[in-house]
Amino acid sequence: MKRYVKIFTYGCQMNDLDSQKMYSLLAGHGCEATDSTKKADVIILNTCSVRQKAYEKALSNLGRLLPYKKRKPSLIIAITGCVAQQAGSHILERMPYVDIVIGTHQLHRIAEIINEKAPGSGPVVETSFSDCIPSLDIIPESRFRESGHRSYLNIMQGCDNYCSYCIVPYVRGREISRDYRSILQEVRQHAATGAKEIFLLGQNVNSYNGGRTFPQLLQAIDDIDGIERIRFTTSHPKDMSDDLIACFQTLDKLCNYIHLPFQSGSNTVLKAMNRNYTRETYLSLIDRLRSSRPDMAFSADVMVGFPGETEQAYQDTLDLIERVRFDGLFSFKYSERPGTQAATLVDDVSLEEKLARLRNLQEIQKQITIENNRARIGEIFEVLVDGTSSRHEEQVYGRTRQNSIVNFTGDHSLVGTTVRVAITRANPNSLTGEAV
Ligand code: 5AD
Ligand code: SF4
């Protein structure tokens, strides 16, 4: 019997990839992907508890599924991802209509668990931390990939850093790296099916240790024919080795862009966050990366309103932002995660103050982003074309190696090709140009 499956994805790129994997696994077991919630026989909510907004959205959407279940009692509702791992069977106390809860190390078992679920039988909760390698090793079918020419792949999962605010070590487990041979085999397979860009994923990719160091892994991928670009996320400043910094100079395919979260520009706050670096070492890291690759572009994660963040500490964060001049920032207001070390601290920054600091920070970053974009007018960049614009039929968009989004006149035949584009206009979050 064919079943229709719909997956709602929340949070990060890791979850996007996990959803692609689940669609692939289920397609091999008689399920067909659908966009329609009404038509679905299986609905999966692939959740995130790292970002507060993603967490709240997943829970509110879960609440909205109850009428669908009432209308179609055979509907299977499954929860996967970080919320599933964190809450486990507690989800069923609040939402007894959930059928399946699958944790972050059990993703590879999704099809088996759904298929074995007998109608009317009780809920299944599978959240043990065992071995996540089988899940990391799954290669999604190319038809489920975001775009045929960009392939995301997991190289590791979990985190050993225990930043005091962060739930990741508890919901994704300790760091586990995939063997470099299966990674390289997967990259070759993607290259053979048309991938131009390889995007390596993990909570802490630069502490990768699956039989090779991270720089060695990058070097080996750089040697694979057909691949034109390599990107990775997320990195921890403390794991930015000299060898890795040198890769930006020596590896042709490694894009001149890095997402390097700093979280705070205050040494007192960084210490309380257990980040293991200072603002001075972060800034010198940026300098060294710029020396290795002068046209390096940066983005980062930053948080405001951590317990004990004084006005001066906040000003230190703004000062760091002004010094680095990131192309973009993912900015958050601190919120408590149960069970983390920071949850035991007295949160002495009011919600009002947190929001005011966040708004002000975002205003400052907006200005820097547009100024960075303006400075690119007149320059020529290689743009890997991702698709045609939904608003302007005659336009295509893609990304430069620095990760800027560029729109220019062109048609669908350009998708997946690299075009040299001269920048003519700077927009708040993108560039406009003309093919040269
Ligand atoms: N409160 C606010 N932001 C958080 N992040 C992680 N945990 C919290 C929290 N408790 C942010 C960090 C991290 C990003 C993925 O989410 O900036 O880098
Ligand atoms: Fe969380 Fe820190 Fe690990 Fe990043 S490095 S996943 S913020 S514990």
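Residues numbered from 1 in each chain as written. Chains lettered and ligands numbered in written order. Predicted model: local features only at pLDDT ≥ 70, side-chain atom pairs only at ≥ 80, totals over all residues. Heavy atoms only, no water.

Moving on: the overall build of the chain. Within the chain one finds 15 helices and 19 strands. Against the globule reference of 22 Å for 436 residues, the chain gives a C-alpha radius of gyration of 22 Å, in line with a compact fold. If you line up the chain on its principal axes, its C-alpha atoms span 60 × 55 × 45 Å. Counting every position in the chain, which comprises 436 residues, the buried fraction comes to 56%. Counting only carbon and sulfur atoms, one obtains 49% of the accessible surface of the chain, whose full area is about 19000 Å². (Helix = DSSP H or I, 4+ residues; strand = E, 2+ residues; numbered from the N terminus. Rg over C-alpha atoms; globule rule 2.2 N^0.38 Å. Buried < 20%, exposed > 50% of the residue type's maximum accessible area, 1.4 Å probe, protein only. Areas by Shrake-Rupley, 256 points an atom, 1.4 Å probe, with all protein chains shown as cover.)

Our focus in this paragraph is helix α14 (residues 311–324). Here α14 contains 14 residues, and its C-alpha end-to-end distance of 20 Å stays within 8% of the 20 Å for a straight helix at 1.5 Å per residue. Among the residues making up α14, those that are buried are Ala313, Tyr314, Thr317, Leu318, Leu320, Ile321 and Val324. Angular distribution of buried residues about the axis of α14 spans 155°; they occupy a single face of the element. For α14, exposure combined with an orientation more than 90 degrees from the buried face picks out Gln312 and Arg323. Buried-residue contacts for α14 involve α12 (267–272), α13 (279–292), β13 (297–304), β14 (328–333) and α15 (351–374). (Expected span 1.5 Å × (residues − 1). Arc of directions from axis to C-beta. Contact = heavy atoms within 4.5 Å.)

Tallied over the entire structure, the rule returns 27 salt bridges. Note that arginine 279 is salt-bridged to aspartate 319, the shortest N-O span being 2.5 Å. Placement of arginine 279 in helix α13 and of aspartate 319 in helix α14 is noted, with a sequence separation of 40 residues between them. Accessibility expressed as a relative area gives 11% for arginine 279, which makes it buried. (Salt bridge = Lys/Arg side-chain N within 4 Å of Asp/Glu carboxyl O.)

Further remarks concern the site of ligand 1. Around ligand 1, a shell composed of Val50, Arg51, Tyr165, Gln263, Asp301, Met303, Phe332, Lys333, Tyr334, Ser335 and Arg337 is seen. Contact distances for ligand 1 include 3.1 Å between a nitrogen atom and a backbone N or O atom of tyrosine 165. Aspartate 301 is positioned with one of its side-chain polar atoms (N or O) 2.6 Å from an oxygen atom of ligand 1. Across the complex, the protein chains shield 92% of the 400 Å² of accessible surface that ligand 1 would expose by itself. Elements with a minimum of two residues in the shell around ligand 1: β13 and β14. In the shell around ligand 1, the residues fall into 5 nonpolar, 2 polar and 4 charged. (Near = heavy atom within 4 Å. Polar contact = N/O pair within 3.5 Å; in protein donor to acceptor, adjacent residues only side chain to side chain. Nonpolar A, V, L, I, M, F, W, Y, C, P; charged D, E, K, R; others polar.)

Below, the discussion takes up the site of ligand 2. For ligand 2, the full set of nearby residues is Cys159, Asn161, Tyr162, Cys163, Tyr165, Cys166, Val168, Pro169, His236 and Arg275. Residues of the shell around ligand 2, tallied by class, amount to 7 nonpolar, 2 polar and 1 charged.

We now examine unusual backbone geometry. The phi torsion of most residues other than glycine is negative, and most of the peptide bonds are trans. Of note, the bond from threonine 233 into threonine 234 is cis; its omega dihedral lies within 30 degrees of zero at 0°. In this fold, threonine 234 is placed in the loop between β11 (229–233) and α11 (242–250). Phi at glutamine 263 is positive, roughly 70°, even though this residue is not glycine. Within the secondary structure, glutamine 263 sits in the loop between β12 (257–259) and α12. What makes glutamine 263 buried here is its relative accessible area of 7%.

A separate point is the packing of aromatic side chains. Within the structure shown, the criterion is met by 10 aromatic pairs. On the basis of an interplanar angle of 85° and a centroid distance of 6.4 Å, the ring pair of tyrosine 165 and phenylalanine 306 is categorised as edge-to-face. Remark: phenylalanine 306 occurs in the loop between β13 and α14 and tyrosine 165 occurs in the loop between β8 (156–157) and α8 (168–171); sequence separation between them is 141 residues. The pair formed by tyrosine 165 and phenylalanine 306 is uniform in burial state, with each residue classed as buried. Cluster of aromatic residues (ring-pair linked, three or more members): Phe262, Tyr277, Tyr282 and Phe326. Positioned over the ring face of tyrosine 68 is arginine 71, at 5.3 Å from the centre of the ring. (Phe/Tyr/Trp six-rings, centres within 6.5 Å; stacked < 30°, edge-to-face > 60°. Lys NZ or Arg CZ within 6 Å of the ring centre and 35° of its normal.)

So, on to the sheet that holds strand β7 (residues 150–154). Spatial strand order, β7-β10-β11: 3 strands in an open sheet with parallel pairing. Two strands close off the open sheet at either side, each with one partner strand: β7 and β11. Strand-to-strand twist across the sheet, computed as the mean angle between neighbouring axes with direction ignored, equals 20°. Each of β10 (197–201) and β11 touches helix α10 (residues 214–222); the most contacted strand, β11, lies at about 155° to it. (Pairing = 2+ DSSP bridges. Axes fitted to C-alpha atoms, helices over the stretch in contact; angles between N-to-C directions.)

Now for the domain arrangement of the chain. The accessible area lost on association of the parts is a frequent measure of interface size. The assigned domain composition of the chain is domain 1 (3–126), domain 2 (134–374) and domain 3 (380–435). Using only C-alpha atoms to locate each centre, domain 1 and domain 3 end up separated by 35 Å. (Domains from an automatic or database assignment.)

A word on the pairing of strand β1 (residues 3–9). Most of β1 is tucked away, with 6 of its 7 residues classed as buried. Sheet topology places β1 next to strand β2 (residues 31–33); 3 bridges connect them, and they run parallel. Residue pairing in the sheet places tyrosine 4 in a bridge with glutamate 32 of β2. With respect to chirality, the unit in which β1 leads through helix α1 (residues 13–27) into the neighbouring parallel β2 is right-handed. Sheet topology note: the β1/strand β3 (residues 42–47) ladder contains 5 bridges and is parallel. Looking across to β3, one finds that phenylalanine 8 is bridged to leucine 45. (Right-handed = clockwise from strand over helix to strand, strands pointing away.)

Right, let's talk about the packing of α10 against α11 for a bit. Their axes nearest at 8 Å, the elements α10 and α11 cross at an angle of 25°. The angle between α10 and α11 falls in the class roughly parallel. Contact with α10, carried on its side by Phe214, Pro215 and Leu218, involves Asp243, Leu244 and Cys247 of α11 and no other residues of that element. (Parallel < 35°, antiparallel > 145°, perpendicular 65-115°, else oblique.)

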